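So the chains spell out like this:
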Amino acid sequence: MYNRNLKGLLHKRLEENRPFHGRPQTSEKGGRYVLELRNFTKKFGDLTAVNNLSIKVENGKVLGIAGRNGAGKSTIFRSILKIIEPTGGRILYDGKKINAKVLDRIGYLPEEGSLIPTYTVLELCEYYGSLKLLKNDEIKARLLMWLEEFDILQYMNKKIKELSKGNRQKIQFIISVLHDPDLLILDEPFSGLDPISTEELKNAILKFKSQNKTIIFSSHIMDQMESLCDEVLIIDKGEVLLQGKLDDVLANYVINGTTNHSLNEIFIDKVGKNYE
C-alpha cells in the first residue's frame, strides 16, 4: 500500500491552474489555439520532408496525423520539439515562439522509444522526472497513479528489460506525462501492440485528454485514430492531402459517388490517388 498523502499531492497538482502569458488565437467557437504551424517547411538538402504546412490545434482537442512511412510525421514532431529547426515558416505555442519554458509543458512519446533497459521502472521515472525538476515524492505519486491506471503496480521495481513490449510502451507513455504537460505528442504509440495493450493505452490517452489536455499523435491504425481524434490530417510525401474536423471528413468525403466512409477507406483512397 503506498502513501495516500502522495496521491493527494498528485491530484492537487493536477488541478493547479498555471497561467501562461501570450496572445493565442481563438477558434470560431471561442476555443484557444494552443499550437500553430504557419507555412511550415522542412528540407534535408534537396529533399523536402514537409512542404508549406499550416495547422492550428485547439486546446483540449486531439489531432491525428496519418501518413505512410516517410510522409513527414516525425519531422513535424521533432520540429515542434526543436530537435530540428524548420527551413521555413513558424511554429507557435500560445501565440509565442517555442522556448525552453514552453518545452517543459510538452510531453513526447517517440516512435523508437527511449527506455534504459537496465533501470527499474521507478529508477527510470525518477531519472526522467528529475530532468523536469520534479521532486521524488511527486514523481512517485504520479507513477503510482498511472501504474494503477494500467493495472501494473507490481512492475514498479522491475527492470525495463524484463517487461513485455506492451508494458514497455505503457511505461514510455507514463514518462511522457509524468511532468503533467499541457501538450502531448505521441509518435506511433500503438505500433507493435496487441489488441489488449492497444485498448489500455487508448483509454489512458482519453483519460489524459479529459484533464483538458491537447494531444497530437500519428498512427497507421485508422480505427484507433477514428476513435480518438477530433481533427485529422493526412499527409504524403510532405504534402497535405486532407485536413479537417474528423466528423466532417467522415460525413462528406466522396468515394465512387457516396459518402459516410471509414477513415481507413478515406486514407486508402486519398493516398492511393497520390501515387496514380
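Note that the coordinates shown come from a computational prediction; the quantities given were computed from them, not determined experimentally.

Next up on the list: the packing of aromatic side chains. The geometry of two aromatic rings is summed up by the distance between their centres and the angle between their planes. In the structure shown here, the tally under the stated rule is six aromatic pairs. A ring pair is formed by Phe-150 and Phe-173, whose centres lie 6.1 Å apart and whose planes are at 90°; its orientation type is edge-to-face. In this pair, Phe-150 sits in helix H5 (residues 136-150) while Phe-173 sits in helix H6 (residues 165-177), placing the two residues 23 residues apart along the sequence. Just as Phe-150 is buried, Phe-173 falls in that class too. Connected via pairs of aromatic rings, a cluster forms that spans Tyr-119, Tyr-127 and Tyr-128.

All buried positions along helix H10 (residues 263-273) are accounted for by Leu-263, Ile-266, Phe-267, Asp-269 and Val-271. Its buried side turned inward, H10 meets strand E3 (62-66), helix H8 (222-228), strand E9 (231-236), strand E10 (239-245) and helix H9 (246-252).

Moving on, we come to the nonpolar core. Counting residues in hydrophobic clusters, the biggest one holds 52 residues, and the most contacted among them are Trp-146, Ile-171, Phe-173, Ile-174 and Ile-234. In this structure, Ile-174 is in contact with Cys-125, Leu-143, Trp-146, Leu-147 and Phe-150, ignoring residues within four places of it in sequence.

This next bit is on the sheet that holds strand E8 (residues 214-218). Strand order in the open sheet formed by six strands is E6-E7-E8-E3-E9-E10, with mixed pairing between adjacent strands. At either margin of the open sheet sits one strand with a lone partner, and together these are strand E6 (106-109) and E10. Across the sheet, the mean angle separating the axes of adjacent strands is 15° when strand polarity is ignored. Both E9 and E10 contribute to a ladder of six bridges, which runs antiparallel. Looking at E10, one finds that Val-232 is bridged to Gly-244. Packing of helix H7 (residues 195-209) onto the sheet brings it into contact with E3, strand E7 (183-187) and E8, and relative to E8 it is tilted by some 150°. Against the sheet, H10 contacts E3, E9 and E10, and its axis sits at roughly 30° relative to E9.

Moving on, we get to the confidence of the model for the chain. Parts of the prediction with low pLDDT should not have their coordinates interpreted in detail. This prediction gives the chain a mean pLDDT of 87; 88% of its residues lie at or above 70. Note on residues 1-24: pLDDT is under 50 here. Beyond four places in sequence and across chains, it has 37 contacts.

With antiparallel pairing, the four strands of this open sheet are ordered in space as E2-E1-E4-E5. At either margin of the open sheet sits one strand with a lone partner, and together these are strand E2 (47-58) and strand E5 (96-97). Note that strand E1 (residues 33-44) and E2 share eight bridges and pair antiparallel. In the strand pairing of E2, Leu-35 is matched with Val-57.

Calculation criteria
- Residues numbered from 1 in each chain as written.
- Predicted model: local features only at pLDDT ≥ 70, side-chain atom pairs only at ≥ 80, totals over all residues.
- Heavy atoms only, no water.
- Phe/Tyr/Trp six-rings, centres within 6.5 Å; stacked < 30°, edge-to-face > 60°.
- Helix = DSSP H or I, 4+ residues; strand = E, 2+ residues; numbered from the N terminus.
- Buried < 20%, exposed > 50% of the residue type's maximum accessible area, 1.4 Å probe, protein only.
- Contact = heavy atoms within 4.5 Å.
- Core = buried A, V, L, I, M, F, W, Y, C linked by side-chain atoms within 4.5 Å.
- Pairing = 2+ DSSP bridges.
- Axes fitted to C-alpha atoms, helices over the stretch in contact; angles between N-to-C directions.
- pLDDT = per-residue confidence, 0-100.

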